[in-house]
Structures are given as C-alpha cells and as structure tokens.
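# Observations on the model geometry
What follows is the residue order along each chain.
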Amino acid sequence: MEIKRQVRDFYDSVGWKEIAEGLYQNARYEDLRPVMREYVHRCHQRLKRHLSSRGGLFLDAGSGPIQYPEYLEYAAEFRYRVCLDISEVALREARRRIGARGLFVVGDVTRIPFKPSAFDSLTSLHTIHHLQLSEQESGIRELARVLADGGRGVIVYSWGERSPLMQLARLPIAIAQAVRRSLAGEMSRQGEASGDLTANRSVRAELIGRPGTFTFHHDYRWASANLSDLPGFEIRVWRSVSTAFTRALVYRALLGRLWLAVLFRLEDLAPHWFGRMGQYPMFLIHKLPGHPGAGEERRA
Ligand SMILES: C[S@@+](CC[C@H](N)C(=O)[O-])C[C@H]1O[C@@H](n2cnc3c(N)ncnc32)[C@H](O)[C@@H]1O
C-alpha cells in the first residue's frame, strides 16, 4: 500500500503536471523528436490491431490523462471508455479530454471494482510495472477477469533492464551518450535536438530535478511460465527499442527514419521474437466464447 500511495502521489503532483499545452511531465519517458514520430505513431497503431473494434464498454486501466492522440482511437467505436486510475489528477485530465464519452473511476488495477466480463475490450499501458513483482500476476488476471467472452485485451509491459536486445545495446548506447555529451555544445548549435522535450533549458532543468517513481520488471521467462494459461495469451512486440536507445542512436542525419522503418517492418515479420527480446512487449488476451470461466455474470 505504501508503494501504491507513493506512485499515486507522484502522478498527482509530478507525472501529470502539464509542462506545455497538452504535454505532461510524464512525456519525458517518450522520445518526441520529429525523427521518431512515424515509428512511435505506428507502434501505437499496432496495439489497436489487437483490440476489439467496437462495443459498449472499453476499459483503460491506468489510463492517465489519455495523453497521446492515438490513445483516443482505441475506444472510438465504444459507447463508453472507462478510465480507471489511482491518480485523481489523471482522471480529471482524462475527463477534460473525452468528457461525456468517458466514465472515470478511482481504483486499483489489482482490485478492479467491476464484475467479471464487464468490458468488451480493454487496454493497460505502462501501468502493471508500477505494481510490486508479487502483485503483477494478479493485476493481469484481474484484467482478464473483467474482459467479456469474445473480448480482446492488450497490456503493454516493459522487460526493463531484462530486455536481451537492450542489454546488447548498452555499450553502443553508453558510447553514443559519451560522444553526444562531448559534442553537446556543437549539437545544440546545429539544432539536433529540436523538438525534443529536453531541448528547452528551463524545462530540462525542471524535469531532471524530479526523480521518477517505482517500477518493477519481470522477464520473459516469468511471463511465459505464469501467464500462458490466460485465454488466447500471446506475447508480441509493441516496441523493441527503449527511449534511451533512440535518444542515443537515432538521428535524422544518420538516416534514423529509414532505420526505424526497417525495424518496424522486422518487428511485424517476427512479432514473437521481438516481443521476447525487445524492450516493450504486448500481452494479448483473447477470450473466445466457451473458454473456462465463460458465462459468468456480465454487468457490474
Ligand atoms: C506511466 S503512466 C501510463 C498512463 C497511460 N496508460 C499512458 O500510457 O500514457 C501509469 C499510470 O498508471 C497509474 N497507476 C499506477 N498504479 C496503479 C494501480 N495500482 N491501479 C491503477 N492505476 C495505477 C498511474 O497513476 C498512472 O496514471
């Protein structure tokens, strides 16, 4: 409970603080440079392929303020998007975005206050990793519990330091960061970081001064050993490279856009391999009618 309280306080007082029009402090964890735009956008769209396309209730667990425009599309054909979050600030911001199309519930993903099969589809991005390791399985099972028969759900997770690809990239990242630091003056003159959040000095000082909050990461072995019995469970790639990787190694002048387009194509060709090896996997759940547990009472 203490960790959850600290996570909530962090998002209430720091993470969901607006630092520019429509941009939150939390966006420091995203690489927002123009060279990244297409790749990031396509990864957001990739998630949508695995959701149900329409229905009554859509659950966004750990919704935050629904901070990126692509997120809006996930529930566009649903009657209501139910935003569940422990942060009231997040929910207030989410209400500013979607108003009457949303229902806003302060709650904990490990104890979702809805009956089984309440939602036609659901997603949860970058939230399960805020739970302690011992609670993450129950959080994911809670999401499966509230998904309706026939429904599809997508959970975006991070292997953290345990991503084998990003482990291999550690040395190149460190070298690139060192080079970048030594060229910092030159690079800022050339505007290399234009569009990057951290390009603005006063914002940068403010952001760097704020420590993040708790995150905990299991590895692929844990997920396949503990979650494979969930209906229609699959691990696929959402995005295989970390923000540290792209900030260090992806530049427009070094054909960054082209490399990312190739990477995206490769991820699509081998989604399970990249899901296992890369930074951010998606956990897919698909409850076919007739799976064990089907037919339980549907509405809260
Ligand atoms: C990294 S943010 C992600 C927000 C949003 N899903 C996104 O991708 O932009 C994590 C969100 O999960 C929420 N959260 C953390 N622990 C939670 C819990 N146990 N139950 C519900 N929400 C939680 C936080 O308050 C925060 O809004």
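Residues numbered from 1 in each chain as written. Predicted model: local features only at pLDDT ≥ 70, side-chain atom pairs only at ≥ 80, totals over all residues. Heavy atoms only, no water.

On to the sheet that holds strand β6 (residues 119-125). Read from one edge of the open sheet, seven strands run β5-β4-β3-β6-β7-β9-β8, paired in mixed fashion. On the outer flanks of this sheet lie β5 (102-106) and β8 (234-239), each paired with one strand and no other. Mean inter-strand twist for the sheet, computed between neighbouring axes without regard to direction, equals 20°. Here β6 runs beside strand β7 (residues 147-156); their pairing, made up of six bridges, is parallel. Bridge pairing in β7 places Thr123 opposite Val154. Sitting on the sheet, helix α4 (residues 88-98) is in contact with β4 (78-85) and β5, with an inclination near 175° to β5. Each of β3 (55-61), β6, β7 and β9 (280-286) is contacted by helix α5 (residues 133-145), which is oriented at about 145° to β7, the strand it contacts most. (Pairing = 2+ DSSP bridges. Helix = DSSP H or I, 4+ residues; strand = E, 2+ residues; numbered from the N terminus. Axes fitted to C-alpha atoms, helices over the stretch in contact; angles between N-to-C directions. Contact = heavy atoms within 4.5 Å.)

In regions of low pLDDT, the predicted coordinates are not meant to be interpreted in detail. In this model, the chain carries an average pLDDT of 90, and 88% of its residues clear a pLDDT of 70 or more. Scored below 50 in pLDDT, residues 294-300 makes 19 contacts in the model with residues more than four places away or belonging to other chains. (pLDDT = per-residue confidence, 0-100.)

Following both chains from N to C, one finds α5 and helix α10 (residues 220-227) inclined at 50°, their axes separated by 11 Å at the closest point. The orientation of α5 with respect to α10, classified from their angle, is oblique. Read as a crossing pair, α5 and α10 show a hand that is right-handed. Here Gln136, Glu137, Ile140 and Arg141 of α5 come into contact with α10, specifically with Trp222, Asn226 and Leu227. (Parallel < 35°, antiparallel > 145°, perpendicular 65-115°, else oblique. Left-handed = near helix turned anticlockwise from the far one by under 90°.)

A word on the site of the ligand. Neighbouring residues of the ligand: 20 residues in total, closest Gly62, Gln67, Tyr71, Asp85 and Leu125. Side-chain polar atom of Asp85 to an oxygen atom of the ligand: 2.5 Å apart, as the coordinates give it. One of the side-chain N or O atoms of Thr127 is found 3.3 Å from an oxygen atom in the ligand. Here the ligand loses 97% of its free accessible area of 590 Å² to cover by the protein chains. The residue inventory of the shell around the ligand, partitioned by class, reads eight nonpolar, 10 polar and two charged. (Near = heavy atom within 4 Å. Polar contact = N/O pair within 3.5 Å; in protein donor to acceptor, adjacent residues only side chain to side chain. Areas by Shrake-Rupley, 256 points an atom, 1.4 Å probe, with all protein chains shown as cover. Nonpolar A, V, L, I, M, F, W, Y, C, P; charged D, E, K, R; others polar.)

Right, let's get into the packing of helix α2 (residues 37-48) against helix α12 (residues 256-269). When two helices pack together, you describe them by how their axes are tilted relative to each other and by the distance separating the axes. Where α2 meets α12, the axes come as close as 10 Å, and the angle between the chain directions of the two elements is 20°. Relative to α12, α2 is oriented roughly parallel. For the pair α2 and α12, the sense of crossing is right-handed. Contacts between α2 and α12 involve Tyr39, Arg42, Cys43 and Arg46 on the former and, on the latter, Leu260, Leu263, Phe264, Glu267 and Asp268.

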